[in-house]
Amino acid sequence: MLLNIVQDFIPASNRNRPQYTLVPVYITIHETANTSTGANAAMHARYVKNPTTATSWHFTVDDRDTVYQHLPLTENGWHAGDGGSGTGNRQSIGIEICVNRDGNLDKATQNAITLTKSLMEQFKIPVNNVVPHKRWSGKNCPTNLLSKFDWFKSQLTNKQDKVEVTKPAPTPSKGANMTTGSIVTYLNSIGVDSSYTNRARLAGQHGISNYTGTAAHNTQLLGVLRDQGVKAPATPPKPKPKPVAKGNMTTGSIVTYLNSIGVDSSYGNRERLAKQHGINGYSGTANQNTRLLNILRNGGSTAAPSKKSTKPAVRAGEGIVSYMNRAGMDSSMANRKRLAQQHGISNYRGTAAQNSRLLTLISR
Ligand SMILES: [Zn+2]
């Protein structure tokens, strides 16, 4: 059996492409539950790229030998319903089997078996780590396969069926001209996201300004990528609290200290820092300087106070703890309790409903 995988990735700018690093430990089997005529893999490939789609998964198979891949296998999707840091969402490859009434479900299931076997081999995933969606969230999915999931697993260990998956084919892109075709083909052939968004990113990275996807741009981009190679895809910034550099001296003046950490040590800036840290009437006395030095060494910010807070957007399926950690906030129960009270949520006990409400309030 030969399957052809078409990599048609969700645009990197979509909310349903969270770009958390995935190291696949499990494979999660789903059914689309969409029995409409025409609800095949190609249709789901279009659906999952829609900017308003909240869920995402890695592959969709139907009864044809073309499988659509929606996410790189180095990135997680939101398909398991077990939360933003759930094992299903963060450590499993998601496969959707189409159940469109004009398709052949047995053939689609066979294709899922072929694909799953190939992935098990690629990632050394044992058969017991091939699980139904139900395992993660209790959802009745994959509906048709649940009652015979043991049979499904037995097919995965059947060594007689030889698995061959072909190299990714070029992404069919809307309105593609010849040169777009070439750069898309090239990127797919080396396993790099060939979406417009990523091509624009690569163009910027390689000095092609104002990329709009013209033939000239694409030819130029193809040239530089072939010459220079493709740089690593951008990974989303993982916000971490930034420790203030402390310098490595134990004694010394405030001026020496500020210079050592690359901060403006002028009187004007020291005056600003003093005021920011509650030292009023700064006039540069030894006592004031020592106080300021101690505050800054103990983590006091040397940055100018920012006028507006920039809060990250809540990701689809994300829980409050994950969000707060990402936003650099203290996610402890005690702090959530404090915030809940502050936002008018009484008797906070950390229930799902309270967390959901609190998340909405603190992410505004
Ligand atoms: Zn499912």
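Going by what an unreviewed UniProt entry lists, the protein chain is known as N-acetylmuramoyl-L-alanine amidase and is assigned to Shouchella hunanensis. Word for word, the UniProt comment on the protein chain under Catalytic activity (unreviewed entry) is "Hydrolyzes the link between N-acetylmuramoyl residues and L-amino acid residues in certain cell-wall glycopeptides." Comment text from UniProt for the protein chain, heading Sequence similarities (unreviewed entry), reads "Belongs to the N-acetylmuramoyl-L-alanine amidase 2 family."

### Regarding the overall build of the protein chain
When helices and strands are tallied, the protein chain shows 14 helices and 7 strands. Here the analysis covers contacts within the protein chain between residues at least 6 apart in sequence; of these, 62% occur between residues at least 24 apart. Carbon and sulfur atoms form 52% of the exposed surface of the protein chain, whose accessible area is close to 18,800 Å².

### Thoughts on the coordination of the zinc ion
Taken together, His30 (ND1), His133 (ND1) and Cys141 (SG) make up the full set of protein donors to the zinc ion, lying 2.1 to 2.3 Å away. Here the donor residues for the zinc ion map to a single chain with the spacing H-x102-H-x7-C. Residue histidine 30 is found in strand β2 (residues 26-31), and its partner histidine 133 is found in the loop between β6 (130-132) and α4 (134-137); the two are separated by 103 residues along the sequence. A relative accessible area of 1% places histidine 30 in the buried class.

### Focus on the side chain of asparagine 355
Mapped onto the elements, asparagine 355 comes out in helix α14 (residues 352-362). Taking the relative accessible area as the measure of exposure, asparagine 355 reaches 15% and is therefore buried.

### Focus: unusual backbone geometry
Between cysteine 141 and the following residue, proline 142, the backbone shows a cis peptide bond with an omega angle of 0°. Structurally, proline 142 is set in the loop between α4 and α5 (149-156). Phi is positive for alanine 33, close to 60°, though the residue is something other than glycine. Positionally, alanine 33 belongs in the loop between β2 and α1 (41-49).

### Description of the pattern of salt bridges
Throughout the structure, instances matching the rule amount to 4 salt bridges. Between aspartate 8 and lysine 49 there is a salt bridge whose closest N-O contact spans 2.8 Å. Here aspartate 8 is found in the loop between β1 (2-7) and β2, whereas its partner lysine 49 is found in helix α1, with 41 residues between them in sequence. A salt bridge links arginine 326 to glutamate 318, with the shortest nitrogen-to-oxygen separation between them at 2.8 Å. Judged by relative accessible area, glutamate 318 falls into the buried class, the value being 8%. Through salt bridges with shared partners, one network takes in Arg17, Glu75 and Asp193.

### Quick look at the nonpolar core
Core analysis: the largest hydrophobic core is formed by 24 residues, its most contacted members being Ile27, Ile29, Phe59, Leu115, Leu119, Val130 and Phe152. Counting residues per element, the ones that place at least two in this core are β1, β2, β3 (59-61), β5 (92-97), α3 (105-123) and α5. Setting aside residues up to four positions removed in sequence, leucine 119 forms contacts with Ile27, Phe59, Leu73, Ile93, Ile95, Lys124 and Ile125. Ile183, Tyr186, Val192 and Leu202 belong to the second largest nonpolar core, which has 13 residues in total.

### Let's talk about the packing of aromatic side chains
Going through the model one piece at a time under the given rule, you end up with 5 aromatic pairs. On the basis of an interplanar angle of 70° and a centroid distance of 6.1 Å, the ring pair of tyrosine 20 and tryptophan 78 is categorised as edge-to-face. Residue tyrosine 20 is found in the loop between β1 and β2, and its partner tryptophan 78 is found in the loop between β4 (66-69) and α2 (87-91); the two are separated by 58 residues along the sequence. Grouping residues by exposure puts tyrosine 20 and tryptophan 78 together as buried. Geometrically, the ring pair formed by tyrosine 196 and tyrosine 211 is tilted, given 5.5 Å between the ring centres and 40° between the ring planes.

Conventions used here
Going along each chain's sequence as written, the residues are numbered from 1 onward. Only residues with pLDDT of at least 70 get local features here, since the model is predicted, and only at 80 or more are side-chain atom pairs given and counted; chain-wide, interface and lining totals rely on the full set of residues. For side-chain calculations, the full set of non-hydrogen atoms in the structure is used, while hydrogens and water are omitted. UniProt positions are given in the numbering used here, feature names are shortened, and annotations may be inferred rather than shown by experiment. Comment: elements are numbered from the N terminus, with helices defined as DSSP H or I runs of at least four residues and strands as E runs of at least two. Whether two residues touch is decided by their heavy atoms; if any such pair falls within 4.5 Å, the residues are in contact. The Shrake-Rupley method, run with a 1.4 Å probe, gives the accessible areas here. Residue values count only the displayed protein chains as cover. Because water is not among the atoms used, a metal site may look incomplete, as its donors are only the N, O and S atoms within 2.8 Å, or 3.2 Å for Na, K and Ca. The rule is simple: take the accessible area with a 1.4 Å probe, protein chains only, and divide by the maximum for that residue type; under 20% is buried, over 50% is exposed, in between is partly exposed. Should a side-chain nitrogen of Lys or Arg be within 4 Å of a carboxyl oxygen of Asp or Glu, the pair is scored as a salt bridge. Buried Ala, Val, Leu, Ile, Met, Phe, Trp, Tyr and Cys residues that are joined via side-chain atoms within 4.5 Å together make up what is termed a nonpolar core. Pairs were defined over the aromatic rings of Phe, Tyr and Trp, the Trp ring being its six-membered one, requiring ring centres within 6.5 Å. Orientation was assigned from the angle between planes: stacked under 30 degrees, edge-to-face over 60, tilted for the rest.

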